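# Observations on the model geometry
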Amino acid sequence: MTDGSTAIAEVHALLRVLAAGRDVLELGSAFGIGAVAMAETARRVVTIELDPERAASTRERVRDLQNVEALEGDWRRVAAGRFGLVFADAGAYEWNRVVELTEIGGFIVKDDLTPGRAIDGDPVREFLLRDSRLVATELLTTPEAAAIVAVRVV
Ligand SMILES: C[S@@+](CC[C@H](N)C(=O)[O-])C[C@H]1O[C@@H](n2cnc3c(N)ncnc32)[C@H](O)[C@@H]1O
């Protein structure tokens, strides 16, 4: 598990692959490190951060990247559109809204999971691994950390 300030390098490597050529939405920018990683391959990255100081830090970090838009606020109010990859990395989830923000054929990534936990009783796993609009799998990003990658199929 991370300290909550940025995703780990292994996850950023995965996101670089999934972002390639796509429009990306990142929920929770923190300091913009994930946005910079995804911007290396994405067509466009929209990243949203609730905390004003972190949002300012992200704006500063991405200011020379033409394909990154750094927004400040609660993603549940600010996010709009449909994206080919949604990196759900903020603490507050409304998963139906996350799915609505994902285009058909688009990916949803949720990282920072503890491996080996049961699906039942885990709201994140219950939704992402069982929602009928998604096909999803859980994979290890390190021996101690897991992520779910889902693709929206309908
Ligand atoms: C794990 S950090 C994000 C790390 C970043 N995605 C990266 O890979 O570098 C989670 C961030 O989500 C932000 N956050 C929490 N709730 C949010 C919300 N409702 N809307 C936008 N950002 C939120 C937190 O302030 C925190 O900075």
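Relevant structure appears above.
Reference entry: report on the structure contained in this document. (Residues numbered from 1 in each chain as written. Predicted model: local features only at pLDDT ≥ 70, side-chain atom pairs only at ≥ 80, totals over all residues. Heavy atoms only, no water.)

### Here we look at the site of the ligand
The ligand sits among 23 residues. The nearest are Thr 6, Gly 28, Glu 49, Arg 54 and Asp 89. Note that an oxygen atom of the ligand is positioned 2.7 Å from one of the side-chain N or O atoms of Thr 6. Within the contact set of the ligand, an oxygen atom lies 2.9 Å away from a side-chain nitrogen or oxygen of His 12. Contributions of two or more residues to the shell around the ligand are made by helix H2 (33–39), strand S2 (44–49) and helix H4 (75–78). Classifying every residue of the shell around the ligand by side-chain character gives eight nonpolar, nine polar and six charged. (Near = heavy atom within 4 Å. Polar contact = N/O pair within 3.5 Å; in protein donor to acceptor, adjacent residues only side chain to side chain. Helix = DSSP H or I, 4+ residues; strand = E, 2+ residues; numbered from the N terminus. Nonpolar A, V, L, I, M, F, W, Y, C, P; charged D, E, K, R; others polar.)

### Here we look at helix H6 (residues 123–130)
Residues of H6 that are buried include every one of Val 124, Arg 125, Phe 127 and Leu 128, and no others. Viewed along the axis of H6, the buried residues span an arc of 170 degrees, placing them on a single side of the element. Structurally, H6 contributes buried residues whose contacts are with helix H5 (95–100), strand S5 (102–113), strand S6 (134–142) and strand S7 (145–152). Backbone nitrogen of Val 124 and a side-chain oxygen of the N-cap are separated by 3.0 Å at the start of H6; the cap is Asp 122. (Buried < 20%, exposed > 50% of the residue type's maximum accessible area, 1.4 Å probe, protein only. Arc of directions from axis to C-beta. Contact = heavy atoms within 4.5 Å.)

### Considerations on the nonpolar core
By size, the foremost hydrophobic cluster in this structure holds 23 residues, and its most contacted members are Leu 25, Leu 27, Trp 75, Trp 95, Ile 108 and Leu 128. Looking at this core, the elements with two or more residues in it are strand S1 (23–27), S2, strand S4 (83–88), H5, S5, H6 and S7. Discounting chain neighbours no more than four positions away, the residues touching Leu 25 are Val 46, Ile 48, Ala 79, Phe 83, Leu 85, Val 86, Phe 87 and Leu 101. Counting residues in each nonpolar core, the second largest holds 18 residues, with Leu 18, Val 24, Ala 35 and Ala 39 among its members. (Core = buried A, V, L, I, M, F, W, Y, C linked by side-chain atoms within 4.5 Å.)

### With respect to the pattern of salt bridges
Once the charged atoms of two side chains with opposite charge are near each other, the side chains can pair. Overall, the coordinates contain twelve salt bridges when judged by the stated rule. The shortest N-O distance in the salt bridge between Arg 43 and Asp 23 comes to 3.0 Å. With Arg 43 in the loop between H2 and S2 and Asp 23 in strand S1, this residue pair connects regions lying 20 residues apart in the sequence. Residue Arg 43 is classed as exposed on the basis of its relative accessible area, which comes to 55%. Residue Arg 63 pairs with Glu 60 through a salt bridge whose shortest N-O separation is 2.9 Å. Classification of Glu 60 by relative accessible area gives partly exposed; the value is 46%. Each member of the salt-bridge network shares a partner with another, and the members are Asp 23, Arg 43, Arg 44 and Glu 69. (Salt bridge = Lys/Arg side-chain N within 4 Å of Asp/Glu carboxyl O.)

### As for the sheet that holds strand S3 (residues 68–72)
Taken together, the seven strands give an open sheet; going across it, the order is S3-S2-S1-S4-S5-S7-S6, and neighbouring strands pair in mixed fashion. Among the strands making up the open sheet, the edge pair consists of S3 and S6. The sheet shows a mean angle of 15 degrees between the axes of neighbouring strands, direction not considered. Helix-sheet contacts for helix H1 (residues 9–19) involve S1, S4, S5, S6 and S7, and the interaxial angle to S4 is about 165 degrees. Contacting S2 and S3, helix H3 (residues 52–61) runs over the sheet at an angle of about 165 degrees to S3. (Pairing = 2+ DSSP bridges. Axes fitted to C-alpha atoms, helices over the stretch in contact; angles between N-to-C directions.)

### A few points about the pairing of S4
Across the six residues that make up S4, a large majority, six, are buried. Examined bridge by bridge, S4 and S5 share four bridges and lie parallel to one another. Each residue of the ladder has a partner; that of Val 86, found in S5, is Ile 108.

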